[in-house]
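# Overview (structure and organization)
Listed here are the chains, written in short residue letters.
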Amino acid sequence: SVVVVGSVNLDAVTVCERFPQPGETVTGVSVAFGQGGKGANQARSAARAGASTVFAGAVGEDAAAETVLGSLAAAGVDVSLVARVTGSTGFANVTVDATGENHIVVVPGANGSVTVGEATRAAIADADVLLLQLEIPLPAVIDAARAAREAGTVVLLNPSPVQALPDRLVDLLDAVIVNREEEKALAEVVERVPYVVTTLGGDGARAAGSDGTVEAPGFVVEVVDTTGAGDAFAGALAAHWDLPPAERLLRANAAGALTATAAGAAAAPTGAEIDAFLSE
Ligand code: ADP
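Residues numbered from 1 in each chain as written. Predicted model: local features only at pLDDT ≥ 70, side-chain atom pairs only at ≥ 80, totals over all residues. Heavy atoms only, no water.

### Comments concerning the overall build of the protein chain
Regarding its fold elements, the protein chain presents 10 helices and 14 strands. For 280 residues, the compact-globule estimate of 2.2 N^0.38 gives 19 Å, and the protein chain sits close to it at 18 Å. Projected onto the principal axes, the alpha-carbon positions of the protein chain cover approximately 60 × 45 × 35 Å. Burial analysis of the protein chain (280 residues in total) assigns 49% to the buried set. Taking all contacts inside the protein chain whose residues are at least 6 apart in sequence as the whole, residues at least 24 apart take part in 61%. For the protein chain, the distance from the average position of its 15 positive side-chain charges to the average position of its 34 negative side-chain charges is 4 Å. (Helix = DSSP H or I, 4+ residues; strand = E, 2+ residues; numbered from the N terminus. Rg over C-alpha atoms; globule rule 2.2 N^0.38 Å. Buried < 20%, exposed > 50% of the residue type's maximum accessible area, 1.4 Å probe, protein only. Contact = heavy atoms within 4.5 Å. Lys, Arg positive; Asp, Glu negative; His and termini not counted. Charge placed at Lys NZ, Arg CZ, Asp CG, Glu CD.)

As structure tokens, this is what we get:
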């Protein structure tokens, strides 16, 4: 089973012909609500890939909270450890114009209040794998990693958005999941972590550890929107951590590729969809 301690946002995507000037109001074409936050996206992917998955994070006291919790629960994620804090649920306000250019305002809201309490520590201790990102306060990331290490739970970190990592966190990691930019920016960290999984966009992924390197070449798919492909990959990788390295990398690579074929960040495939894709 997988525990994700991380972020959850409500995304609102507004489409307009052209962006308003400061002080101007324009009539938009459409609006769509979706769920974002790397933590929530990766938790949904792990659950849909077939793992028993707990998401621990925080939402605010607003209507957005019900929407995001409903979306997680619909994917099969256990949300019983999500805290309700004063203030707003994390929110991303995305505006896209006719040329596809975007303006984005992200309000961390409740994600800035995530802490790791007794119940979350117990869930981490019970799990096989802890999956972390960097959209919640670093002390919470470190507390979660420490609880996992003490209990023998595998600690995976997707260091995104990329930032400097303290040694006391790096020392707790069993593996990192990085894209090419993160691998470059965190070269010194990557050298010290026992297992490094690198996503290579359309070129697939690679995993390197003391037992050698495995590669998963990119799948040729009709790409619609790669938003969330990295999150789908990370969730599926965590869900399949018990599989042999080449097999789990293949399944995570399929989850990433399938997510790139659909619009939006919420489209991680189910285990059955991954099976069907791999047997094509
Ligand atoms: P991020 O979006 O986090 O920067 P990548 O771009 O490396 O990460 O993509 C993550 C994963 O999604 C890849 O390892 C691959 O499995 C899949 N993926 C992304 N882009 C494509 C693509 N154009 N074709 C096929 N698979 C893709």
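Following the structure, the description resumes.
### As for the sheet that holds strand S7 (residues 90–96)
Strands sit in the order S3-S2-S7-S8 across an open sheet of 4 strands; the sheet is mixed. In this open sheet, the two edge strands, each paired with only one partner strand, are strand S3 (30–36) and strand S8 (102–107). Shown here is a sheet whose adjacent strand axes are inclined to one another by a mean of 15 degrees, direction ignored. Two elements, strand S2 (residues 9–15) and S3, share 7 bridges in a ladder whose sense is antiparallel. When the bridges of S3 are listed, Thr-14 appears paired with Val-31. Helix H2 (residues 63–74) rests against S2 and S3 of the sheet, and its axis sits at about 105 degrees to S2. (Pairing = 2+ DSSP bridges. Axes fitted to C-alpha atoms, helices over the stretch in contact; angles between N-to-C directions.)

### A look at the pairing of S8
Pairing between S7 and S8: 6 bridges, direction antiparallel. Residue pairing in the sheet places Val-96 in a bridge with Asn-102 of S8. The loop that links S7 with its antiparallel partner S8 comprises 5 residues; one of these, Gly-100, has a positive phi angle of about 90 degrees.

### A word on helix H10 (residues 271–278)
For H10, the full list of buried residues reads Gly-271, Ile-274 and Phe-277. Down the axis, H10 shows its buried residues gathered within 125 degrees of arc, on one side only. In this fold, the buried residues of H10 make contact with helix H1 (38–49) and helix H9 (245–260). (Arc of directions from axis to C-beta.)

### Points about the site of the ligand
As a matter of local geometry, the ligand sits amid 16 residues, with Asn-179, Thr-199, Gly-201, Gly-204 and Asn-253 nearest to it. Within the side chain of Thr-199, an N or O atom sits 2.8 Å from an oxygen atom of the ligand. In the model, an oxygen atom of the ligand is placed 2.9 Å from a nitrogen or oxygen of the Gly-204 main chain. Considering the ligand on its own, with 550 Å² of exposed area, one finds that the protein chains cover 79% of that surface. In terms of residue class, the shell around the ligand is built from 7 nonpolar, 9 polar and no charged. (Near = heavy atom within 4 Å. Polar contact = N/O pair within 3.5 Å; in protein donor to acceptor, adjacent residues only side chain to side chain. Areas by Shrake-Rupley, 256 points an atom, 1.4 Å probe, with all protein chains shown as cover. Nonpolar A, V, L, I, M, F, W, Y, C, P; charged D, E, K, R; others polar.)

### Regarding unusual backbone geometry
Residue Ser-160 is joined to Pro-161 through a cis peptide bond whose omega torsion reads -5 degrees. Here Pro-161 is to be found in the loop between strand S10 (154–157) and helix H5 (167–170).

### Quick notes on the sheet that holds strand S11 (residues 175–179)
What the 8 strands build is an open sheet, ordered S4-S1-S9-S10-S11-S12-S13-S14; its pairing is mixed. A strand with exactly one partner marks an edge of an open sheet, and here the two such strands are strand S4 (53–56) and strand S14 (212–217). Shown here is a sheet whose adjacent strand axes are inclined to one another by a mean of 15 degrees, direction ignored. As paired strands, strand S1 (residues 2–5) and strand S9 (residues 129–132) are joined by 4 bridges and run parallel to one another. The residue of S9 that forms the bridge with Val-5 is Leu-132. Strands S1, S4 and S9 of the sheet are contacted by H1, whose axis makes an angle of about 170 degrees with S4. Set on the sheet, H9 makes contact with strand S12 (195–199), strand S13 (204–209) and S14; between it and S14 the angle comes to about 30 degrees.

### Section: the environment of Leu-200
Tracing the chain through its elements places Leu-200 in the loop between S12 and S13. Every residue in contact with Leu-200, bar those within four places of it in the chain, is listed here: Arg-180, Ala-205 and Arg-206.

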